[in-house]
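# Fold and geometry: a report
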Amino acid sequence: QVQLLESGGGLVQAGGSLRLSCAASGGTFSSYAMGWFRQAPGKEREFVAGTSRSGGITSYVDSVKGRFTISRDNVKNTVYLQMNSLKPEDTAVYYCAADRTPYAIVVRTSPLQYDYWGQGTQVTVSS
């Protein structure tokens, strides 16, 4: 059983930056692909970014490409999401999730494919 704890959310003006962190415990972190998802009020949870088990493969939703960067540290058991040039439409609760995929170089994008979730951290971008 993996426990995930996000941190780093907050209120920022448009154009600003935030760095989210997700610390994992209770499992072998390097055996999980990791993803960041977000959910705005009244909307479905959507994939934002993901990284393969080693971190060598990353994937992003089109709306954040060039602005967000996902990375992971398999020694610190932590995955990060660096968010730059934030926009009001990035406002949401951000969740990290772990995927017990057997594939080393795959990043999956459906929330149904992820096995463990954090509690979420609020990101609010003001205009």
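Details of the structure are given in the entry above.
Figured I'd write up the structure that's included with this text. Because the structure is predicted, anything quoted here is derived from the model rather than measured. (Residues numbered from 1 in each chain as written. Predicted model: local features only at pLDDT ≥ 70, side-chain atom pairs only at ≥ 80, totals over all residues. Heavy atoms only, no water.)

## Here's the deal with the packing of aromatic side chains
Definition in use: Pairing of aromatic side chains here covers Phe, Tyr and the six-membered ring of Trp, requires ring centres within 6.5 Å, and sorts the geometry by plane angle: under 30 degrees stacked, over 60 edge-to-face, intermediate tilted. Remark: exposure states derive from per-residue accessible area (1.4 Å probe, protein chains only) relative to the maximum for the residue type, with buried under 20%, exposed over 50%, and partly exposed in between.
Applying the stated criterion across every chain yields a total of 6 aromatic pairs. Ring plane angle 55° and centroid distance 6.3 Å describe the contact between tyrosine 114 and tryptophan 117, whose orientation is recorded as tilted. Classification of tyrosine 114 as buried rests on a relative accessible area of 5%. On the basis of relative accessibility, which here comes to 27%, the residue tryptophan 117 falls in the partly exposed class.

## Re the side chain of arginine 38
The criterion, for reference: Elements are defined by DSSP. Helices are runs of H or I of four residues or more, strands are runs of E of two residues or more, and each kind is numbered from the N terminus. Whenever a nitrogen or oxygen atom comes within 3.5 Å of another N or O atom, the pair is scored as a polar contact, on the condition that within protein one atom can donate a hydrogen and the other can accept it, and that pairs from neighbouring residues in sequence are kept only if both atoms are in side chains. Any pair of residues with heavy atoms lying within 4.5 Å of one another is described as a contacting pair.
Structurally, arginine 38 can be placed in strand S4 (residues 33-39). Polar contacts involving the side chain of arginine 38 include one to the side chain of tyrosine 94, which spans 2.9 Å. Setting aside residues no more than four positions away along its own chain, arginine 38 makes contact with Glu44, Arg45, Glu46, Val48, Ser63, Val64, Phe68, Asp90, Ala92, Val93 and Tyr94.

## Thoughts on the environment of valine 12
Relative to the helices and strands, valine 12 is located in strand S2 (residues 10-13). A relative accessible area of 12% places valine 12 in the buried class. Distance from valine 12 to lysine 76, taken between C-alpha atoms, is 27 Å for residues 64 residues apart in sequence.

## A closer look at the sheet that holds strand S3 (residues 18-25)
Going by this rule: Two strands are said to pair when DSSP picks up at least two bridges between them. Lines are fitted to the C-alpha atoms to define the axes, a helix being fitted only along its stretch in contact, and any angle between axes, read from their N-to-C directions, falls within 0 to 180 degrees.
If you walk across this open sheet you meet the 4 strands as S1-S3-S8-S7, and the pairing is antiparallel. In this open sheet, the two edge strands, each paired with only one partner strand, are strand S1 (3-7) and strand S7 (68-73). Across the sheet, the mean angle separating the axes of adjacent strands is 15° when strand polarity is ignored.

Remember, this is a structural readout, not a statement about activity or role.
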